[in-house]
Structure formats: C-alpha cells, structure tokens
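# Descriptive analysis of the structure
Given next are the chains, with one letter for each unit.
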Amino acid sequence: MSAQVQSIQIVLNGEPASQPAGLTVTELLQRLNAPTFGVAVERNRQVVRRADHPTTLVLDGDHIEIVTFVGGG
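Conventions and cut-offs
- Residues numbered from 1 in each chain as written.
- Predicted model: local features only at pLDDT ≥ 70, side-chain atom pairs only at ≥ 80, totals over all residues.
- Heavy atoms only, no water.
- Core = buried A, V, L, I, M, F, W, Y, C linked by side-chain atoms within 4.5 Å.
- Buried < 20%, exposed > 50% of the residue type's maximum accessible area, 1.4 Å probe, protein only.
- Helix = DSSP H or I, 4+ residues; strand = E, 2+ residues; numbered from the N terminus.
- Contact = heavy atoms within 4.5 Å.
- Pairing = 2+ DSSP bridges.

### With respect to the nonpolar core
Of all hydrophobic cores here, the largest spans 14 residues; its most connected members are I10, V41, V58 and I64. Of all the secondary structure elements, the ones that give two or more residues to this core are strand 1 (7-12), helix 1 (25-31), strand 3 (39-43) and strand 5 (63-68).

### Things to note about the side chain of H53
With respect to the helices and strands, H53 occurs in the loop between strand 4 (46-48) and strand 5. Look past the residues within four positions of H53 in its chain and what remains in contact with it is T24, V25, T26, L29, V41 and V48.

### Re unusual backbone geometry
With a phi close to 50°, N13 is a non-glycine residue in the positive phi region. Within the secondary structure layout, N13 lies in the loop between strand 1 and strand 2 (15-20). Looking at N13, the relative accessible area reads 38%, which means it is partly exposed. The phi torsion at N44 lies on the positive side, around 55°, for a residue other than glycine. You can see N44 is positioned in the loop between strand 3 and strand 4. For N44, a relative accessible area of 35% gives the class partly exposed.

### So, the pairing of strand 2
For a regular strand, side chains alternate in direction, first toward one face of the sheet and then toward the other. Two elements, strand 1 and strand 2, share six bridges in a ladder whose sense is antiparallel. Along strand 2, the bridge assignment pairs S7 with P20. Once strand 1 ends, the chain turns through two residues before running back antiparallel as strand 2, passing N13 with a positive phi of about 50°.

### Focus: the environment of I10
Considering the arrangement of structural elements, one finds I10 in strand 1. Sequence-wise, I10 and I64 are 54 residues apart; in three dimensions their C-alpha atoms are separated by 7.3 Å. With sequence-adjacent residues up to four places away left out, I10 is seen in contact with E15, P16, A17, Q19, V58, L59, D62 and I64.

Set out below in structure tokens:
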C-alpha cells in the first residue's frame with residue numbers, strides 16, 4: 001500500500017494552484033524552476049526574507065507572489 005501525497009491549494013501569482021503539502025518556499029521555487037536568487041517572495045502580503053526561504057512552510061490557502069528581478073536599462 002503506497003502512501004498518498006497530500007496536496008494543498010494556494011494562490012500563486014494570482015492563480016489557483018495545487019502543490020504538495022509540506023513544501024518550504026525554497027522547495028516551491030525549485031518545483032517551479034524559479035531562480036532562488038534575484039527573486040522576492042511574498043506570503044500572505046508579507047515579504048519572506050531569503051534567509052527564511054528554507055524554513056518557511058507554504059500552507060493551505062496561502063497567497064504566494066513571486067517576483068523576479070530583471071536588470072537592464
């Protein structure tokens with residue numbers, strides 16, 4: 001009998017999304033193939049410091065905004 005992975009429902013950049021339960025912000029970025037450097041992550045309208053990405057859990061119902069910084073001029 002295999003263990004079933006629980007999923008959670010979040011709002012990711014304004015769109016509903018299903019993700020596995022227990023993800024940290026770092027793991028979410030990896031799943032999305034997003035860079036882990038040069039991005040800002042907001043969880044429920046609070047900026048998550050990059051140093052906290054590995055320990056901040058993404059929870060059911062969270063609103064996550066990921067902004068990638070682009071250089072240029």
